[in-house]
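Listed here are the chains, written in short residue letters.
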Amino acid sequence: MPFRLLIPLGLLCALLPQHHGAPGPDGSAPDPAHYRERVKAMFYHAYDSYLENAFPFDELRPLTCDGHDTWGSFSLTLIDALDTLLILGNVSEFQRVVEVLQDSVDFDIDVNASVFETNIRVVGGLLSAHLLSKKAGVEVEAGWPCSGPLLRMAEEAARKLLPAFQTPTGMPYGTVNLLHGVNPGETPVTCTAGIGTFIVEFATLSSLTGDPVFEDVARVALMRLWESRSDIGLVGNHIDVLTGKWVAQDAGIGAGVDSYFEYLVKGAILLQDKKLMAMFLELIESAMYLYRATGDPTLLELGRDAVESIEKISKVECGFATIKDLRDHKLDNRMESFFLAETVKYLYLLFDPTNFIHNNGSTFDAVITPYGECILGAGGYIFNTEAHPIDPAALHCCQRLKEEQWEVEDLMREFYSLKRSRSKFQKNTVSSGPWEPPARPGTLFSPENHDQARERKPAKQKVPLLSCPSQPFTSKLALLGQVFLDSS
């Protein structure tokens, strides 16, 4: 979650309880349903105003009641708000907007667009909506989630960004022309977040489409940024993507840098990538070490008073959607699309504990893909930095890597082996050595063959450093997006 969001969200949370009707029916406790309805009212006041006064422009100008294009020219607010509609329970409007976007949005246009913003808002928003389409009652096409109109739109938008990554360092330009590529005179200076905030969306896109180019360029950008860190292990704020030299050397975790740290963690969890997590931990340790040594308030030690820390970093640029300066309450004639994508969404979820987003794995949807049966909707959603939820199970629905097959097969053999042992009332395990799986179909099992197979597989880690909290057993049978039914 970017720091720009935390102050507006905190202010909204503080204001909501002051309204009448807050106590529950017995007067003893707040009623979450009351707050949910208030948040919905906030959302629809902003959403309806955009539709009535600004669509098809990117964003609403609330003081003059008109619209303007800001980050491109693709009805940005509508894309950003799409998954929020479903989270608020508005299935019919979700379905209508899906049709509108297919008919009206065109990425083949002569427009200079922010690579960072287009990725987190457009690509992220379309991917999230694509993966939620079936839950929203959209009639999905055969092969979904490995195909679909919103996925194709996300892929088209992402391909328009790829020319920005064609630099000597692999780190992208900040701006690209959607029709012509990078302009000849484009500045090579890009902020750290603008380089390191692609792995969630691009890795998801590669997994769903089967084209590795997206994840590849995102990983290269992350690694080049990591390799450019200073002698004391820190990254700066802005870097020249042609030379790899830092232009703004001030280090911190605030604006211009924040989502780089965020995506190292989320990318590590989404992809089960220990290297990304190690990079994050090393960067944070370097920042904490320098903070302890210097007391620099821009290098925050995790666990400190969050409100005080966030105010120090963000209060100059943060506020409600239309407040330009908190000192004089001067209004800015702009409603950022993230108000509907992030602020309202996170606030609503605080008061809706039974929302499908909070699923603990007890329910899921089984879907048939060209690659077999897989699951979606079991929970564990990973939000991109624009608050678009990505279902991590989807990354395993459209491909079958041999390493994943071996891991799943061995796990299920072990499961059924233990089950047979329990059925014979064996109190203790019989084997005195490591458990050996039976031969795979069509192979002759021998210690030599088994050793060769093990050499091809990644070493198993004893402690899952990147795992989320334990899920119910029913969801564990849906490992790596593949469903296993007990037919014994």
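Rules and cut-offs
- Residues numbered from 1 in each chain as written.
- Predicted model: local features only at pLDDT ≥ 70, side-chain atom pairs only at ≥ 80, totals over all residues.
- Heavy atoms only, no water.
- Pairing = 2+ DSSP bridges.
- Helix = DSSP H or I, 4+ residues; strand = E, 2+ residues; numbered from the N terminus.
- Axes fitted to C-alpha atoms, helices over the stretch in contact; angles between N-to-C directions.
- Disulfide = S-S within 2.5 Å.
- Buried < 20%, exposed > 50% of the residue type's maximum accessible area, 1.4 Å probe, protein only.
- 1 Å grid on protein atoms, 1.4 Å probe; cavity = no way out; pocket = protein on both sides within 12 Å on 5 of 7 lines; lining within 4 Å.
- Points joined across faces, edges and corners; volume = space filled by probe spheres on them.
- Nonpolar A, V, L, I, M, F, W, Y, C, P; charged D, E, K, R; others polar.
- Core = buried A, V, L, I, M, F, W, Y, C linked by side-chain atoms within 4.5 Å.
- Contact = heavy atoms within 4.5 Å.
- Phe/Tyr/Trp six-rings, centres within 6.5 Å; stacked < 30°, edge-to-face > 60°.
- Lys NZ or Arg CZ within 6 Å of the ring centre and 35° of its normal.

Draft legend 1. The arrangement of the pairing of strand β10 (residues 365-369) in detail. Pairing of β10 with strand β11 (residues 372-376), which is carried by 5 bridges, proceeds in the antiparallel orientation. Its bridge partner being in β11, Ile 368 is matched across the sheet by Glu 373. From the end of β10 to the start of β11, which pair antiparallel, there are 2 residues.

Draft legend 2. Local environment of the sheet that holds strand β6 (residues 238-240). As summarised here, the arrangement of the 3 strands in space is β5-β6-β7, forming an open sheet in which the pairing is antiparallel. Strands with a single pairing partner mark the edges of an open sheet, and in this sheet they are β5 (189-191) and β7 (246-248). Pairs of neighbouring strands in the sheet enclose a mean axial angle of 35°, with direction left out of account. As defined by bridge partners, β6 adjoins β7 across 2 bridges and the pair is classed as antiparallel. Bridge assignment links Ile 239 to a residue of β7, and that residue is Trp 246.

Draft legend 3. Up close: unusual backbone geometry. Of the consecutive residues Phe 55 and Pro 56, the connecting peptide bond is found in the cis state with omega at 15°. With respect to the secondary-structure elements, Pro 56 resides in the loop between α2 (32-53) and β1 (59-61). Of note, the amide linkage connecting Trp 144 to Pro 145 takes the cis form, showing an omega dihedral of 10°. Considering the arrangement of structural elements, one finds Pro 145 in the loop between α5 (115-132) and α6 (149-161). Here the phi dihedral of Gln 272 falls at roughly 50°; this positive angle occurs in a residue that is not glycine. When you line up the elements, Gln 272 lands in the loop between α10 (258-271) and α11 (274-294). Positioned with a positive phi, Ala 387 is a non-glycine residue whose angle comes to about 70°. One can find Ala 387 in the loop between β12 (382-383) and β13 (389-390).

Draft legend 4. Here's a closer look at the state of the cysteines. Here the structure, examined in full by the defined rule, presents 2 disulfides. Each disulfide pairs two cysteine sulfurs, and for Cys 146 the partner residue is Cys 398, the sulfurs being separated by 2.1 Å. Given an S-S torsion of about -100°, the disulfide between Cys 146 and Cys 398 has left-handed geometry. Linking Cys 146 in the loop between α5 and α6 with Cys 398 in the loop between β13 and α14 (402-423), this pair joins segments that are 252 residues apart in sequence. In this pair, the class of Cys 146 matches that of Cys 398, namely buried.

Draft legend 5. Broad picture of empty space enclosed by the protein. A complete count under the given rule lists 3 cavities of 30 Å³ or more for this structure. If you add up the space inside the largest cavity, you get close to 90 Å³. Taken together, Leu 131, Leu 132, Lys 134, Lys 135, Trp 144, Asp 365, Leu 376, Gly 377, Tyr 381 and Asp 391 make up the full set of residues lining the largest cavity. In the lining of the largest cavity, the residues fall into 5 nonpolar, 1 polar and 4 charged.

Draft legend 6. Up close: the nonpolar core. Judged by nonpolar contacts, the single largest core of 113 residues is most densely connected at Phe 202 and Tyr 260. In terms of residues, this core owes the most to one element, α5, which gives 10 residues. Excluding residues that lie within four positions of it along the chain, Tyr 260 makes contacts with Thr 192, Ala 193, Gly 196, Thr 197, Leu 222, Leu 225, Trp 226, Val 235, Met 279 and Leu 283.

Draft legend 7. Structural detail: the packing of aromatic side chains. Within this structure, the stated rule accounts for 13 aromatic pairs. Taking the centre distance of 5.6 Å and the plane angle of 45° together, the rings of Tyr 346 and Phe 383 count as tilted. Taken together, the residues span a long stretch of sequence, with Tyr 346 in helix α13 (residues 338-350) and Phe 383 in strand β12 at a distance of 37 residues. Exposure class is identical for Tyr 346 and Phe 383. Each is buried. An aromatic cluster is defined as three or more aromatic residues linked by ring pairs; in this entry it consists of Phe 165, Phe 198, Phe 202 and Phe 214. The ring of Trp 226 has Arg 229 sitting right over it, with the charged end atom 3.6 Å from the ring centre.

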